[in-house]
Amino acid sequence: MSAVYDCGEPHTRSDGLQAAASAVRSGRLVVFPTDTVYGIGADAFDPDAVAALLRAKNRGPDMPVGVLVGSWSTIDGLVLGLSPQARALIEAFWPGDLSIVVPHAPSLQWNLGSTRGTVMLRMPLHPVALELLREVGPMAVSSANVSGRPPASTAQDAREQLAESVAVYLDGGPSGDPVPSTIVDLTGERPSVLREGAVSTEAVSEALGMEIGREQ
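Residues numbered from 1 in each chain as written. Predicted model: local features only at pLDDT ≥ 70, side-chain atom pairs only at ≥ 80, totals over all residues. Heavy atoms only, no water.

*Asks:* Just to check I follow, could you spell out the pattern of salt bridges for this structure?
*Replies:* Close approach of charged atoms allows side chains of opposite charge to pair. Applying the stated criterion across every chain yields a total of 3 salt bridges. Across the pair Glu 131 and Arg 13 runs a salt bridge, and its minimum N-O distance is 3.2 Å. One end of the pair, Glu 131, is in helix H4 (residues 127-136); the other, Arg 13, is in helix H1 (residues 10-25), with 118 residues separating them in the sequence. For Arg 13, a relative accessible area of 24% corresponds to the partly exposed category. (Salt bridge = Lys/Arg side-chain N within 4 Å of Asp/Glu carboxyl O. Helix = DSSP H or I, 4+ residues; strand = E, 2+ residues; numbered from the N terminus. Buried < 20%, exposed > 50% of the residue type's maximum accessible area, 1.4 Å probe, protein only.)

*Asks:* Even after reading the chapter, I still don't get the layout of surface pockets, so can you show me in this structure?
*Replies:* Where empty space is left becomes clear once a probe the size of a water molecule has been rolled over the atoms. Estimated volume of the largest pocket: approximately 960 Å³. Looking at the largest pocket, it is lined by 38 residues, and the ones nearest its centre are Arg 59, Pro 64, Met 120, Ile 183 and Arg 195. Here the lining of the largest pocket gets 5 residues from one element, more than from any other, and that element is strand E6 (residues 118-122). Tallied by class, residues from the lining of the largest pocket come to 17 nonpolar, 13 polar and 8 charged. (1 Å grid on protein atoms, 1.4 Å probe; cavity = no way out; pocket = protein on both sides within 12 Å on 5 of 7 lines; lining within 4 Å. Points joined across faces, edges and corners; volume = space filled by probe spheres on them. Nonpolar A, V, L, I, M, F, W, Y, C, P; charged D, E, K, R; others polar.)

*Asks:* What is the right way to look at the packing of aromatic side chains in this model?
*Replies:* All chains considered together, the criterion is met by 1 aromatic pair. An angle of 15 degrees between the planes, with centres 5.4 Å apart, marks the rings of Phe 45 and Trp 110 as stacked. Of this pair, Phe 45 sits in the loop between strand E3 (39-43) and helix H2 (47-57) while Trp 110 is found in the loop between strand E5 (98-103) and E6, placing the two residues 65 residues apart along the sequence. Since its relative accessible area comes to 13%, Trp 110 is described here as buried. (Phe/Tyr/Trp six-rings, centres within 6.5 Å; stacked < 30°, edge-to-face > 60°.)

*Asks:* Just to check I follow, could you spell out the sheet that holds strand E1 (residues 3-6) for this structure?
*Replies:* The strands that make up a sheet pair up through hydrogen bonds in the backbone, lying either parallel or antiparallel. With respect to topology, 11 strands assemble into an open sheet ordered E1-E8-E2-E3-E7-E4-E6-E5-E9-E10-E11, the strand pairing being mixed. Looking along the sheet, the strands with just one partner apiece sit at the ends: E1 and strand E11 (213-214). Across 5 bridges, E3 lies against strand E7 (residues 139-143) in antiparallel orientation. Bridging from a neighbouring strand, Ala 42 pairs with Ala 140 of E7. (Pairing = 2+ DSSP bridges.)

As structure tokens, then:
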């Protein structure tokens, strides 16, 4: 049976984070608040857990899962090499509402879906998310909803959609406007915005010192 913890109270928040960390380490799924919408997450290096995440959302590997990290330094072991453009975006927007798509290190033993050698990375600006990530390491995370339905802006929204497929729900209150992160692809010759969300294309262009466009 799923457990729900109120992260607005210090003691239940501590208990919830411990329960969530234990669930992640044992290959189960957790839901937690981020600075955009609620996320459903699993150990990024546990392919069975990632497969369970995709099943819970009712989507296939053709829609791969991104990875959230709890610190800038974490990504050094995940990527093939950070370009100056990637570092500029990280310094400008992390922690925050911007995701970057970069080549991942070929030595990594993970299966996030059909990523074609790339990974989408983000460091969220939310204390509960950051504390969990710093405890368990990189997590495969997607919006906490069934594919085709609106992203969850509360733990209750997520629970109504995902039910018992999730072991632990961390309730951090409403997430505010359910605006997703902006996604910038840095794998091509020029950066491009795959999805404009909380960070505008103009702000990304300013951080990079160059005009970039949106992928059609």
